[in-house]
Amino acid sequence: MQNELLVVKERRIRHQDRASSSSWDISSRAVMKFNPCLVEETPGSHGENKVWKWHIQDPASQKLTWNKPPKSVLVIKKIRDASLLQPFKELCIFLTEVKNMIVYVEKKVLDDPAISGDENFGAIAKKFCTFREDFDDLSNRVDFIICLGGDGTLLYASSLFQESVPPVMAFHLGSLGFLTPFKFDTYQSQVTQIIEGNAAIVLRSRLKVQVLKENWEKKDTMDEKSIILTNGDAESSRKVMQYQVLNEVVVDRGPSSYLSNVDLYLDGHLITTVQGDGVIVSTPTGSTAYAVAAGASMIHPNVPAIMITPICPHSLSFRPIVVPAGVELKIKLSREARNTAWVSFDGRKRQEICHGDSITITTSCFPVPSICFRDPVNDWFESLAQCLHWNVRKKQNYLISEDEEF
């Protein structure tokens, strides 16, 4: 007898590339399940006495393996950063000429004069496949992703995939690097190791966010991810926008001088009203971003949870809370709100929220598989120390003898 809470289905964790017939999987099936409980009989009980045992998954046992060798790779480069031009060219030449891989690059990256004007690199660039954000679907074309830049490049890579995300290998070439564990100095050996498979991996959960707009103007430009719901009357049309968020959803007061006043529902029940500058709803990955600056705790990305953090609340007792990953959160403007609110997703797609609008937030079925430098635990604590200087202080001097204690 086994009772298992499935967080993500296997068919969604598995990525199949139709173009290259290559796929990836996670060698440990337990990574797709949290809190599996087994009923076991005690010795000599003959089925009379049974005990529940909780089997906890070791994060270090999560491994990436290839069912077939990868053939295509998406290279994400930070835009308008001259320091990344040479690493970008070196990596693309290595992937194309040495590894014989199909390289996907965003069109606006190749339109950079520093790249398009390089005649030597031009012959290599002609072999690339290009795409445009919000226009081209990469879902079934890419086996894995390589990011060059800071944490923003990984957030951007996540936004390109509204469903299954290929494994992501992120190089630290930006300003922070909390989510980018790899150094570019030895990129050839590191990339080769990933292509050969059996790398450690951490599944970074995302939030599925739906924004329901009750009143929108027809002249507004429609987002390709928007859905129009109508009841037969053009005046009652509702606009629904959907996003996949890796870090956080931020609801704030915008340019208004008044406090934000929003109601927070959990599984349909009103749990509190947020009065302050706003509220942050974040994943464990996002707990070390804006949320930690607002006073939240830091959660390891393997923990299935959602963090709710108020921004400058007008209450001394309003503290951040952690709720289970399976709940549904809804945020709406309070009836007494003096002003509208504004919402953004991973710092992008910022928009106004008015009376009648609502924001629904749940844990997504499509996480971001992030390739580790060593393993999920060591990489995370290394990032805490290097990027956030967690618990960094001058050490106490050692006492030579008891006589020198005072």
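Just above sits the structure.
Everything numeric here is computed off the predicted structure, so don't read it as measured data.

## Overview of the packing of helix 2 (residues 85-98) against helix 7 (residues 187-196)
1) Next: At a minimum axis distance of 11 Å, the contact between helix 2 and helix 7 shows a crossing angle of 45°. By the angle class used here, helix 2 and helix 7 are oblique. Once helix 2 is placed against helix 7, the crossing between them reads as right-handed. On helix 7, the residues touching E90, L91, F94 and L95 of helix 2 are Y187, Q188, V191 and T192.

## Comments concerning the environment of T96
1) Next: With respect to the helices, strands and loops of the structure, T96 is situated in helix 2.
2) Next: Separated by 29 residues in the primary sequence, T96 and A125 have C-alpha atoms spaced 9.5 Å apart.
3) Next: In this structure, T96 is in contact with M101, V103, I124, K127 and F128, ignoring residues within four places of it in sequence.

## Regarding the packing of aromatic side chains
1) Next: Following the criterion strictly, the structure yields eleven aromatic pairs and no others.
2) Next: When the ring of F171 is compared with that of F182, the centres are 5.9 Å apart and the planes differ by 55°; the resulting orientation is tilted. Taken as a pair, F171 in strand 11 (residues 168-172) and F182 in the loop between strand 11 and helix 7 lie far apart in primary sequence, eleven residues in all.
3) Next: F171 gets classed as buried once you look at its relative accessible area, which sits at 0%.
4) Next: Note on F182: relative accessible area 3%, which makes it buried.
5) Next: Of the aromatic side chains, those joined through ring pairs into one cluster are F94, F171, F182, F184, Y187 and F373.
6) Next: The ring of F121 has K89 sitting right over it, with the charged end atom 6.0 Å from the ring centre.

## A short note on helix 7
1) Next: Along helix 7, the residues that are buried comprise Y187, Q190, V191, T192, I194 and I195.
2) Next: In the stretch just after helix 7, G197 is the one whose phi turns positive, near 95°.

## Side note on the nonpolar core
1) Next: Residues F88, L91, L95, F128, I146, F171 and V191 are the most contacted members of the largest nonpolar core, which totals 35 residues.
2) Next: Core analysis: the second largest hydrophobic core is formed by 29 residues, M241, V274, I308 and I353 among them.

## Quick word on the pattern of salt bridges
1) Next: Taken as a whole, this structure holds ten salt bridges when the rule is applied.
2) Next: One salt bridge in this structure joins D118 and K89, with 2.7 Å as the shortest N-O distance. Taken together, the positions of D118 in the loop between helix 4 (113-116) and helix 5 (119-125) and K89 in helix 2 put the pair 29 residues apart, joining distant regions of the chain.
3) Next: Residue classification places K89 among the buried residues on the basis of a relative accessible area of 13%.
4) Next: As a salt-bridge pair, K108 and E106 come within 3.7 Å of each other at their nearest N and O atoms.

## Describing empty space enclosed by the protein
1) Next: Here the structure, examined in full by the defined rule, presents three cavities of 30 Å³ or more.
2) Next: Of the pockets and cavities examined, the largest cavity occupies roughly 110 Å³.
3) Next: Along the walls of the largest cavity sit 15 residues, with F178, V202, R204, D379 and W380 positioned nearest its centre.
4) Next: Elements supplying a minimum of two residues to the lining of the largest cavity: strand 12 (199-204), strand 26 (368-371) and helix 9 (376-387).
5) Next: If one sorts the elements of the lining of the largest cavity by residue count, helix 9 sits on top with four residues.
6) Next: Counted by class, the lining of the largest cavity contains nine nonpolar, four polar and two charged residues.

## Comments concerning a nonpolar patch on the surface
1) Next: A cluster of nonpolar residues, V377, F381, L388 and W390, forms a patch on the protein surface that exposes about 340 Å² of accessible area.
2) Next: Position of W390 relative to the elements: it lies in the segment after helix 9.

## Focus: the sheet that holds strand 16 (residues 248-252)
1) Next: Strand order in this open sheet of six strands is 21-20-19-16-23-24, and the pairing throughout is antiparallel. The sheet is open, and its two edges are formed by strand 21 (321-324) and strand 24 (348-353), each paired on a single side. Neighbour-to-neighbour, the strand axes of the sheet open up by a mean angle of 20°, direction not taken into account.
2) Next: In terms of strand pairing, strand 19 (residues 278-282) meets strand 20 (residues 305-311) through five bridges, oriented antiparallel.

The rules behind each value
Residues numbered from 1 in each chain as written. Predicted model: local features only at pLDDT ≥ 70, side-chain atom pairs only at ≥ 80, totals over all residues. Heavy atoms only, no water. Axes fitted to C-alpha atoms, helices over the stretch in contact; angles between N-to-C directions. Helix = DSSP H or I, 4+ residues; strand = E, 2+ residues; numbered from the N terminus. Parallel < 35°, antiparallel > 145°, perpendicular 65-115°, else oblique. Left-handed = near helix turned anticlockwise from the far one by under 90°. Contact = heavy atoms within 4.5 Å. Phe/Tyr/Trp six-rings, centres within 6.5 Å; stacked < 30°, edge-to-face > 60°. Buried < 20%, exposed > 50% of the residue type's maximum accessible area, 1.4 Å probe, protein only. Lys NZ or Arg CZ within 6 Å of the ring centre and 35° of its normal. Core = buried A, V, L, I, M, F, W, Y, C linked by side-chain atoms within 4.5 Å. Salt bridge = Lys/Arg side-chain N within 4 Å of Asp/Glu carboxyl O. 1 Å grid on protein atoms, 1.4 Å probe; cavity = no way out; pocket = protein on both sides within 12 Å on 5 of 7 lines; lining within 4 Å. Points joined across faces, edges and corners; volume = space filled by probe spheres on them. Nonpolar A, V, L, I, M, F, W, Y, C, P; charged D, E, K, R; others polar. Patch = residues over 30% accessible without salt bridge, like charges linked within 9 Å, V, L, I, M, F, W, Y side chains within 5 Å. Areas by Shrake-Rupley, 256 points an atom, 1.4 Å probe, with all protein chains shown as cover. Pairing = 2+ DSSP bridges.

It is worth stressing that arrangement in space is one thing and function is another; only the former is reported here.
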